[in-house]
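For reference, the chains in residue letters:
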Amino acid sequence: MNLKYLWEKRKSIIVTWLISYSAVLFVPMIVSLLVYTQSSQALKSEIHRANDSMLRQVRYTIDTQIDLMKRLNMEMTWNNKLQDLMYSSKTPGDAQFTVYQLVKELRMYQTSYASIDEFYVTWDQDGSVIRSGNVRDLETAFNTIHNTGSLTYEQWLDTIHGSANNRFLLLPHLDSAKPQTGIAYLTHLPKDLNGRETGTVVVMADTARFQKAIEGISGFSGGQILVLNEENEVLLSNLPVSINLEQLLQDLPADSGQVMNIPARDGDSELFYIQSSISKLKYVLMIPSSIYWEKAEYVRRFTYISLFLSFVSAGVLTWFFMRRNYSPIQQLVQLLTDKNSHEERTDWNELSFIQRSISKTRSEKEKIALQLEAQQHVLRSNMLNRLLKGKTDPLIPYEEAFESFDIKLLSEEFAVILFMVENGESLSAQLPGIDLHEKSKLIQFIISNVVEELAEQYHHVGYTVEVDDMMVCLVNCGEPESTVFKDDLKAIAAEAQRFLASYQMVLTLSIGGIHSSLSGIAEAYREAVDAMAYKMVLGKQEIIAYDEIRRETTDHSQTGYYYPLQVEQQIINLIKVGDMEQVTKIIDEVTDRNFNQPIISLTLARCLIFNLAGTMVKAMNELGDGDSSMLGDNPLWLDQIIACDTILEMKAELQTLVAEVCTFAAAKLEQNVSHERAESLRDLVLKVTAHIEDQYSNSNLSVNMIGEHFNMKGSYLSKLFKSQTGEGVLDYINKYRIGQAKEMLKTRQASISDIAKQAGYNEVATFIRVFKKYEGITPGKFKEMK
């Protein structure tokens, strides 16, 4: 029982306050943590600044040497003698003289670049190495420069020829101090005109020249410096590489053109990274993290003490203020509990309990008021529905009912306006997040307010209600003259339709006649319903007045029906040949002749549309496809026409049916002649190819000449030929001629000029150009290859 009580007590306001007051504890804790963080950041910033300055000094020293290497490499690459040697066709004697001159110039480079320990150029065509003062073959040069035992001759060749262009790497150097290695900068010379490799420029500087630049920072911070090339290979390090190099490379950014300090944990080290300003080399510094943490130990201890003191003081203050503020709340809850002792308390939050107790009576009162208001609206709508449908009860005193429902009558004259929303589905789609019933109520609310306000502007009163999915407005006349009332009704309807269009409502309206007394309301409603039915003939979005419909029906009581048998047979014949344009024209004439009358019977209008649809089915049967898949796959044709609300919609569905039937007929007609046309085209292609093979040696043979032979235009003949073979007539002529010329070149000793004429070319240049276009080489080269 105690455990259950404690569990329910967790919702009490005292628990909420305990948590809220405890938040005071976090203020000094956060302050202490901020002080600790800022102090640590300050220490770290100073360490970073010092190491960053030293790393920049290393970069400056090494970049100076790298810049000399790149400048020497550039001068050697663009040396006129080297360019002349690599890309000119010289005799061996001239080439050796050029090499001699190049060696002399390289001696001058050695004097200008004293800090460069080795540089040479590999001459791939001669298989030799050109150095300052001598020329050696590749193997001799390797033994003289690089053979320290750490790299084989084959590995050296792979490195020279397989490395990426403008790349820094390590190469052994015999003349350098231990560890007998140097940083080399390799540049591949461009290939010659035949696409062959020409050579590689190699510039080297001993690692000892770079080692001094990084010794100072190592002694200051105890860190390790790495120099990496573009492929993240270690070129230089002041200590043996013992770190996780793969993890280090993951921490480095892909590209960086500026100085960056990147703290990253690799064991217990801090990482600093900087990009070379003149090359793609990277400089990385790793320093032990212990340097930072030793200096931050004092700050950490001070933070722990401040956190402990903050926790104790905040706990004491929390308990004091919580007890002081909870006492009046506890007394008020006890008072309300005694007053409502018959109710079982389920809400253990004191404030929520007080709020619920105080607002309970008010909410019940508001609920009763809303129920009465909703019931009042339902009763009023029910009474208006009964009046509109003529279900009046003589025992009901309507005057008192009207007064109770706040309905004021200005006269004994009544009329009815019907509103039909034609785009209800699209309106509902524009109101997401509301259920269908609420959407319908919203539309009704908008229409009701607009129409009733318009009626009031014309000094009448209107009351709207929903009847059979339509909005009905009962208008009570406020003017003594009925003629003025009729004009006002049309004006109200027109202005309501125009205004509600701004809410994207598409409306069809109908107006009944004007009748006196309450019993005439039902007659006015019936007349409005009858007028609304005529929207099938007149179309949607119209304002239909019953008086006008009745007058036109009386004036034109005899209405004709035009759709003679000969017209139907004419439509069937045009459908059979797939002439959709003529079929559409005749159907338009028939519908215009029937529907352009002042009024037409709704039954006759539907009958005409169904007869036209029946004509489509008859045409399909006469095409010999009465049981075809087209009829079977479209069983809802007539259903779609019947479902239309207006004659215009029925006519649109009929036009769709006409298009499908004519397309089917045209396709069937085309299918009957396509086979015969294909056979004719294949026979024509065989005749054209036979004529070309017989007349190919005739230099006057052309597309137009062949077209004249077959009594056709040359371009049209070539188009037909290409549709069957995939290539034009001219391409076929040239390919056949070149094929015959190849056989002649293989078997005859005639000159190229004679073979060109025998193949049908008067000009040797034309023959050579066409031959190279299709074979990729000249006839002379082809003849040499046979």
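You'll find the structure just up there.
Nothing here was measured: the structure is a model prediction, and the numbers come from that model.

What counts, and where the lines are drawn
Per chain, residue numbering runs from 1 following the sequence as it is written. Selection of residues for local features in this predicted model requires a pLDDT of at least 70, selection of side-chain atom pairs for listing and counting requires 80 or more, and totals for whole chains, interfaces and linings are taken over all residues. The basis for every side-chain value is the complete set of non-hydrogen atoms in the structure, without hydrogens or water. Note on method: axes are straight lines fitted to C-alpha atoms, helices fitted across the in-contact stretch only, with angles between N-to-C directions ranging 0 to 180 degrees. Secondary structure elements are defined from DSSP: runs of H or I of at least 4 residues count as helices, runs of E of at least 2 residues count as strands, and each element is numbered from the N terminus. Roughly parallel here means an angle under 35 degrees, roughly antiparallel means over 145, roughly perpendicular means 65 to 115, and every remaining angle is called oblique. When checking whether two residues touch, look at their non-hydrogen atoms; a contact exists if any pair is within 4.5 Å. Following the grouping adopted for this structure description, the nonpolar residues are Ala, Val, Leu, Ile, Met, Phe, Trp, Tyr, Cys and Pro, the charged ones are Asp, Glu, Lys and Arg, and the polar ones are all others, Gly among them. One bridge is not enough; two strands pair if DSSP finds at least two bridges between them. The way it works is a 1 Å grid over only the protein atoms, where trapped points that fit a 1.4 Å probe form a cavity and open points with protein on both sides within 12 Å along at least five of seven lines form a pocket, and then any residue with an atom within 4 Å of a point lines it. Grid points are joined across faces, edges and corners, and a volume is the space filled by probe spheres set on the points. Each aromatic pair joins two rings of Phe, Tyr and Trp (for Trp, the six-membered one) with centres within 6.5 Å, and gets the label stacked for planes under 30 degrees apart, edge-to-face for over 60, and tilted for any other angle. Each residue gets one of three labels from its accessible area relative to the maximum for its type: buried under 20%, exposed over 50%, partly exposed in between, using a 1.4 Å probe on protein chains only. Charge-over-ring placement is defined geometrically: NZ (Lys) or CZ (Arg) within 6 Å of the ring centre, and within 35 degrees of the ring normal.

A. Spotlight on the packing of helix 28 (residues 729-747) against helix 30 (residues 764-775). The geometry of helix 28 relative to helix 30 is characterised by a closest axis approach of 10 Å and an angle of 95 degrees between their N-to-C directions. Considering their axes alone, helix 28 and helix 30 lie roughly perpendicular with respect to each other. Facing D731, N734, K735, I738, A741, K742 and L745 of helix 28, the residues of helix 30 in contact are F767, V770, F771, Y774 and E775. Residues belonging to the contact of helix 28 with helix 30 are distributed by class as follows: seven nonpolar, one polar and four charged.

B. Here's a closer look at the sheet that holds strand 6 (residues 199-206). Judged by pairing direction, the sheet is antiparallel, and its six strands sit side by side in the order 3-2-1-6-5-4 without closing on themselves. Among the strands making up the open sheet, the edge pair consists of strand 3 (135-137) and strand 4 (167-172). Each strand of the sheet is rotated relative to its neighbour by a mean of 30 degrees, with strand direction disregarded. Running over the sheet, helix 4 (residues 80-87) touches strand 1 (118-123), strand 2 (128-131) and strand 6 and is turned about 25 degrees from strand 1. The strands that helix 7 (residues 153-162) touches are strand 1, strand 2, strand 4, strand 5 (181-188) and strand 6; relative to strand 5, the one it contacts most, it runs at about 45 degrees.

C. Expanded view of the layout of surface pockets. Considering only enclosed or pocket space, the largest pocket measures out at about 620 Å³ in volume. In this structure, the largest pocket is lined by 21 residues; those nearest its centre are H377, S381, Q444, S448 and T464. Secondary structure elements with two or more residues in the lining of the largest pocket: helix 12 (350-388), helix 15 (436-457) and strand 12 (461-467). When residues in the lining of the largest pocket are grouped by element, the largest group, eight residues, is from helix 15. When the residues that make up the lining of the largest pocket are grouped by side-chain class, the tally is four nonpolar, 11 polar and six charged.

D. Here's a closer look at the packing of aromatic side chains. Applying the stated criterion to the full structure yields 11 aromatic pairs. Pairing Y732 with Y736 gives two aromatic rings, centres 6.5 Å apart and planes at 15 degrees, and the pair type is stacked. Residue Y732 and its partner Y736 are both found in helix 28; the two are separated by four residues, about one turn of the helix. Looking at Y732, the relative accessible area reads 18%, which means it is buried. Members of the aromatic cluster, joined through ring pairs, are Y696, F721, Y732 and Y736. Its guanidinium or amino end placed over the ring of Y761, R737 lies 5.2 Å from that ring's centre, counting from NZ or CZ.

No statement about biological role is implied by the geometric values presented.
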